[in-house]
Amino acid sequence: MPVIAPSKSYRVGRSKTGLGLFATMPIKKGTRIIRYFGPILDCRIPAQDDIENKYLFELNGRWTIDGSVRKNVARYINHSCRPNAESDVRPRERKVFIRAIKNIEAGDEINYDYGTDYFKAYLKPIGCKCPSCENKRKKQRAEARAERAKVKARAERKAQKAGAKTTAAKKKKLNGKHFAGKVGRAKA
Ligand SMILES: [Zn+2]
């Protein structure tokens with residue numbers, strides 16, 4: 001029997017991308033957190049096959065769960081490319097459970113990988129905003145910044161060297177005049 005998390009072990013809360021589901025207490029790896037549920041759609045019935053929303057969860061070639069119903073709190077769980085939970089799909093029972101694949105701390109957002117089809121259809125066009133992808137972008141931005149700073153510093157050093165050469169040359173040329181001027185001011 002799977003370990004089942006009590007319903008008070010999570011809550012809907014504000015996430016970076018809107019709403020999300022958050023742990024309110026530690027959830028051990030392997031724990032069944034919540035069921036993803038809704039009306040079962042049969043693709044052989046045209047009216048049901050025509051239904052389209054972001055919460056469809058395909059069980060197999062025939063059956064799909066329409067998770068857009070309000071009571072399906074699991075629909076608040078966001079996608080992550082490096083998730084702490086996964087979908088435990090049971091086509092024969094026509095059920096999906098979300099299960100922890102890591103130890104989850106209180107306060108952590110719960111997420112699972114929505115899969116490549118969803119990613120291609122909804123996330124790739126707008127850029128995935130999951131923590132893992134955000135971190136990757138942050139790192140890339142920092143690296144680009146560091147590279148720009150390096151190039152700038154190099155250019156500045158070069159300019160400084162060139163500037164020093166010119167000043168030295170000018171000083172050499174004007175040395176006598178400068179000296180005289182200074183002495184003159186000192187006397188006054
Ligand atoms: Zn991602």
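Scoring rules and cut-offs
- Residues numbered from 1 in each chain as written.
- Predicted model: local features only at pLDDT ≥ 70, side-chain atom pairs only at ≥ 80, totals over all residues.
- Helix = DSSP H or I, 4+ residues; strand = E, 2+ residues; numbered from the N terminus.
- Rg over C-alpha atoms; globule rule 2.2 N^0.38 Å.
- Buried ≥ 20, exposed ≤ 12 C-beta atoms within 10 Å, placed from the backbone.
- Contact = placed C-beta atoms within 7 Å.
- Core = buried A, V, L, I, M, F, W, Y, C linked by C-beta atoms within 7 Å.
- Pairing = 2+ DSSP bridges.
- Axes fitted to C-alpha atoms, helices over the stretch in contact; angles between N-to-C directions.
- Domains from an automatic or database assignment.
- pLDDT = per-residue confidence, 0-100.

Draft legend 1. The arrangement of the overall build of the chain in detail. Scanning the chain from N- to C-terminus turns up 3 helices and 10 strands. Its helices and strands taken in sequence order, the chain reads β-β-β-β-α-β-β-β-β-β-β-α-α from the N to the C terminus. Relative to the globule expectation of 16 Å for 188 residues, the C-alpha radius of gyration of the chain, 31 Å, shows a markedly less compact shape. Dimensions of the chain along its principal axes, counting C-alpha atoms only, are 100 × 40 × 25 Å. Counting the 188 residues in the chain, one finds 19% classified as buried. Sequence separation of 24 or more characterises 66% of the internal contacts of the chain that already satisfy a separation of 6 or more.

Draft legend 2. Region of the structure containing the nonpolar core. If you look at the biggest cluster of nonpolar residues, it comprises 22 residues, and the most contacted ones within it are Tyr10, Ile33, Tyr36, Ile98 and Ile110. Looking at this core, the elements that each hand over two or more residues are β2 (18-23), β3 (32-36), β9 (95-100) and β10 (109-112). If you tally residues by element for this core, the top one is β9, at 4 residues.

Draft legend 3. Fine view of the sheet that holds strand β4 (residues 40-42). Spatially, β4-β6-β5 is the arrangement adopted by the 3 strands of the open sheet, whose pairing is antiparallel. Because the sheet does not close on itself, it has two edges, and the strands there are β4 and β5 (56-58). On average, adjacent strands in this sheet sit at an angle of 35° to one another, irrespective of strand direction. Alignment of β4 against strand β6 (residues 63-66), held across 3 bridges, turns out to be antiparallel. From the neighbouring strand, Ile40 faces β6, where its bridge partner is Ile65.

Draft legend 4. Focus on the domain arrangement of the chain. Looking at the assigned domains, one finds that the chain contains domain 1 (7-126) and domain 2 (130-188). If you look at the interface, domain 1 gives 5 residues, while domain 2 gives 4 residues.

Draft legend 5. Representation of the confidence of the model for the chain in the model. Averaged over all residues, the pLDDT of the chain is 89; the fraction at 70 or higher stands at 91%. Predicted confidence for residues 183-188 stays below pLDDT 50, and this span has 0 contacts to residues more than four positions away or in other chains.

Draft legend 6. Broad picture of the pairing of β6. Pairing of β5 with β6, which is carried by 3 bridges, proceeds in the antiparallel orientation. Note that in β6 the partner of Phe57 across the bridge is Ile65.

Draft legend 7. Summary view of unusual backbone geometry. For Arg94, which is not glycine, the phi dihedral falls at a positive 55°. Tracing the sequence through the fold places Arg94 in the loop between β8 (85-90) and β9.

Draft legend 8. Highlighting the environment of Val69. With respect to the secondary-structure elements, Val69 resides in the loop between β6 and β7 (78-79). Between the alpha carbons of Val69 and Cys81 there is a distance of 25 Å; along the sequence they are 12 residues apart.

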